[in-house]
Amino acid sequence: MYWPPTAQDLTRLLDSLRWAAEHSPYYRRLLAAAGVQVGELRTYDDFRRRVPRTAKTDLVANQREHPPFGDFLAVPRSEFASLHTSPGPILIPRLASERGGTPVLRESIKAMGVRPGDVAHVTLSYHIMPGGLRLHRAFEEAGCLVLNGGTGNSRLQVELAKAWGATVYAGTPSFLANLGDTARELGLDPRRDLSYRVGFSTAEALTPVLRRDLQDTFGIELFDHCGEAQIGPLAGECRVHDGMHLHALDLFCEFLDPETGEPVGEGGTGELVATQLGPRALPLVRYAPGDVFRLLPAGCACGDPSPRVVFVGQVGAIRKIKGVLVHPAQVHRALSEFPAVRRFQIVVDRPAGERYDRAVLRLGLAEPAPDAPALARAVAERVKAVALIGMDVELVAEAELPEGAAAPRFADVMVDRRGHA
Ligand SMILES: [Zn+2]
């Protein structure tokens, strides 16, 4: 569905909620405890204000308490068609009719310019986790010849990709980089000897530097894509490469301000809360995996009217600075273009008597910069473009910042001194 919800979307949402309340002991109990009768909900605001959220931790705890599947289940076990697992571990049973996000992936694949007859090389894991199989099914349905590469065995994978003339790569960007290195070790030129034209990049951050490197190595056009293990594929880039189109055909997606819980509009930054539509073996209502996205303004040059989102980061580390939600991962993305920067810290303060926050971005450098003012200016401009916030930049030696002031955990990046003056 697209934002804002139409009357039809709302009907489908409330029908799915009613189905979950009738079939899933967990949701029957949750809604009863919250005093919610589905028949009383009339508008989206009723739904948002009254139906409680489900966190990933609720699902993990419930499966531990009632092994193996928990009591989220809405159908008897004899009706399951397959069983996937995701880290937690969380068991994800699936009905044959659920299709595991295949229609969503097909939209994304089409937007990337994949055509029937393309040879798709899928390198996500086919073991235990759902990712590899989901992609495999979608490429098959799109009329492609699919190689089930899976993970590892990079020499064999390069040989297979070459022998079959694979035109589409689907997997993590780091494994694609690995295949490039392996091809060179085998005396091959990845541009000339391999035929990748389209790269479906998922399950890892596709930084601008990595994207450029891979495009140079393979002569490939890379497309960022994101999804989540429980709720499946979500959004992917089109050939305009300005944000990812939300292809949430079987999900009702809300994007809510992490501080106020209010829905955000175009240009806003909000936490994803998703409700699965239609019957499910394990239905999820208002499921919040903790992912925060920025919503881009409507109207992409490709003509697809679906909303576009940019992944910002996980909700825990996010802070509102000068009214803008900022995540360390966004700033890290901007800084990844400056290899001299090893660590970084964002110090937010509101000096006494001032009405506005002041944000200082402290950069820990491996060695003193030859032209410090130019570096500070370039970084400030890049951060402003990526994270939409102006910060004063201060250059310090790497050792002056704690080790945790870096990717991937960003534990010591945010220093919030507001309210402590
Ligand atoms: Zn587009």
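Up top is the structure.
Residues numbered from 1 in each chain as written. Predicted model: local features only at pLDDT ≥ 70, side-chain atom pairs only at ≥ 80, totals over all residues. Heavy atoms only, no water.

**Student:** Looking at this structure, I do not really get the overall build of the protein chain. What am I missing?
**Tutor:** Across its full length, the protein chain carries 12 helices and 21 strands. In summary, the protein chain has a C-alpha radius of gyration of 23 Å against a globular reference of 22 Å for 421 residues, a match within 12%. In terms of overall dimensions, the protein chain has a C-alpha envelope of 65 × 65 × 45 Å along the principal axes. For the protein chain, the proportion of its 421 residues judged to be buried stands at 52%. The contacts of the protein chain with a sequence gap of at least 6 include a subset with a gap of at least 24, amounting to 63%. Surface exposure of the protein chain reaches about 19,000 Å², of which carbon and sulfur atoms provide 52%. (Helix = DSSP H or I, 4+ residues; strand = E, 2+ residues; numbered from the N terminus. Rg over C-alpha atoms; globule rule 2.2 N^0.38 Å. Buried < 20%, exposed > 50% of the residue type's maximum accessible area, 1.4 Å probe, protein only. Contact = heavy atoms within 4.5 Å. Areas by Shrake-Rupley, 256 points an atom, 1.4 Å probe, with all protein chains shown as cover.)

**Student:** What is the right way to look at the sheet that holds strand β20 (residues 392-397) in this model?
**Tutor:** Two orientations exist for strands paired in a sheet by backbone hydrogen bonds: parallel and antiparallel. Strand order in this open sheet of 4 strands is β20-β19-β18-β21, and the pairing throughout is mixed. Each of the sheet's edge strands pairs with one partner strand only, and the pair in question is β20 and β21 (414-416). On average, each strand axis in the sheet is inclined to that of its neighbour by 20 degrees, with strand direction left out of account. As paired elements, strand β18 (residues 341-349) and β21 share 3 bridges and run parallel to each other. Within the sheet, the bridge partner assigned to V348 lies in β21 and is D416. On the sheet, helix α11 (residues 328-335) packs against β18, β19 (358-365) and β21 and is oriented at approximately 135 degrees with respect to β18. Relative to β20, helix α12 (residues 372-387) is tilted by about 130 degrees, and along the sheet it contacts β19 and β20. (Pairing = 2+ DSSP bridges. Axes fitted to C-alpha atoms, helices over the stretch in contact; angles between N-to-C directions.)

**Student:** Could you clarify how one ought to interpret empty space enclosed by the protein in this entry?
**Tutor:** Using a probe with the size of a water molecule, rolled over the atoms, empty space left in the structure can be pinpointed. Counted according to the given criterion, the structure contains 2 cavities of 30 Å³ or more. In this structure, the largest cavity occupies an estimated 200 Å³ of space. Only β3 (90-94) and β9 (232-237) provide two or more residues apiece to the lining of the largest cavity. No other element matches β3, which puts 4 residues into the lining of the largest cavity. Class assignment of the residues belonging to the lining of the largest cavity gives a composition of 10 nonpolar, 6 polar and 5 charged. When its volume is computed, the second largest cavity comes out at roughly 30 Å³. Every residue along the wall of the second largest cavity is listed here: S16, W19, A20, Q276, G278, R280, P283 and V285. For the lining of the second largest cavity, the leading source of residues is helix α1 (residues 7-23), giving 3 residues. (1 Å grid on protein atoms, 1.4 Å probe; cavity = no way out; pocket = protein on both sides within 12 Å on 5 of 7 lines; lining within 4 Å. Points joined across faces, edges and corners; volume = space filled by probe spheres on them. Nonpolar A, V, L, I, M, F, W, Y, C, P; charged D, E, K, R; others polar.)

**Student:** Would you mind going over the coordination of the zinc ion with me for this structure?
**Tutor:** Looking at the zinc ion, one finds its protein donor set to be C238 (SG), H245 (NE2), C300 (SG) and C302 (SG), positioned 2.1 to 2.3 Å from the metal centre. Binding-site remark: the zinc ion is held by donors from one chain whose sequence spacing is C-x6-H-x54-C-x1-C. Taken together, the residues H245 in strand β10 (residues 244-246) and C300 in the loop between β14 (291-295) and β15 (308-314) connect sequence positions 55 residues apart. For the pair H245 and C300, one class covers both residues: buried. (Donors = N, O, S within 2.8 Å, 3.2 Å for Na, K, Ca; no water.)

**Student:** Explanation requested: the pairing of strand β7 (residues 198-201) in the structure shown.
**Tutor:** In summary, the side chains of a regular strand alternate between the two faces of the sheet. Taking every second residue as pointing to the same face, both faces of β7 are buried, with V198 and F200 on one and G199 and S201 on the other. Across 4 bridges, the pairing between strand β6 (residues 168-171) and β7 is parallel. Bridge assignment links V168 to a residue of β7, and that residue is V198. Bridge count between β7 and strand β8 (residues 221-228): 4 bridges; the pairing is parallel.

**Student:** Honestly, the environment of V119 in this entry has me stumped. Any pointers?
**Tutor:** Relative to the elements of secondary structure, V119 occurs in strand β4 (residues 119-122). We classify V119 as buried; its relative accessible area is 9%. Distance from V119 to L147, taken between C-alpha atoms, is 7.4 Å for residues 28 residues apart in sequence.

**Student:** Can you walk me through the side chain of N62 in this structure?
**Tutor:** As for its placement among the helices and strands, N62 is situated in helix α4 (residues 56-65). Its relative accessible area of 4% is what places N62 among the buried residues. Among residues more than four places away in sequence, those in contact with N62 are Y26, R29, G70, D71 and F72.

**Student:** Hey, could you run me through the nonpolar core in this one?
**Tutor:** Side chains that are nonpolar tend, in soluble globular proteins, to be buried together. Residues L17, L234 and F255 are the most contacted members of the largest nonpolar core, which totals 52 residues. Top element by residues in this core is α1. It accounts for 6 residues. Filtering out sequence-adjacent residues up to four positions away, L234 remains in contact with V104, H225, C226, G227, H245, L246, H247, A248, L251, C253, L272 and F293. Of all hydrophobic cores here, the second largest spans 25 residues; its members include V326, V331, V379 and M414. (Core = buried A, V, L, I, M, F, W, Y, C linked by side-chain atoms within 4.5 Å.)

**Student:** What should I look at first to understand the pairing of β8 in this one?
**Tutor:** Summarising burial for β8: 7 of the 8 residues are buried, a large majority. Where β8 lies against β9, 4 bridges are found, and the strand directions are antiparallel. Bridge assignment links H225 to a residue of β9, and that residue is G236. Connecting β8 to the next strand, β9, in antiparallel fashion are 3 residues.

**Student:** How do you make sense of a nonpolar patch on the surface when you look at a structure like this?
**Tutor:** A cluster of nonpolar side chains, L145, L156, L160 and W164, forms an exposed patch at the surface whose accessible area comes to about 380 Å². Per-element tally for the nonpolar patch: the top contributor is helix α7 (residues 154-164), with 3 residues. Considering the arrangement of structural elements, one finds L145 in strand β5 (residues 145-148). (Patch = residues over 30% accessible without salt bridge, like charges linked within 9 Å, V, L, I, M, F, W, Y side chains within 5 Å. Salt bridge = Lys/Arg side-chain N within 4 Å of Asp/Glu carboxyl O.)

**Student:** What should I look at first to understand α11 in this one?
**Tutor:** Side chains three or four residues apart in an α-helix point the same way, a direct result of the helix having 3.6 residues per turn. Counting buried residues along α11, 6 of its 8 residues qualify, which places the element largely inside the surrounding structure. Residues of α11 that are buried include every one of P328, A329, Q330, V331, A334 and L335, and no others. Elements that come into contact with the buried residues of α11 comprise β15, β17 (324-326), β18, β19, α12 and β21.

Any functional reading would require information beyond the geometric quantities listed.
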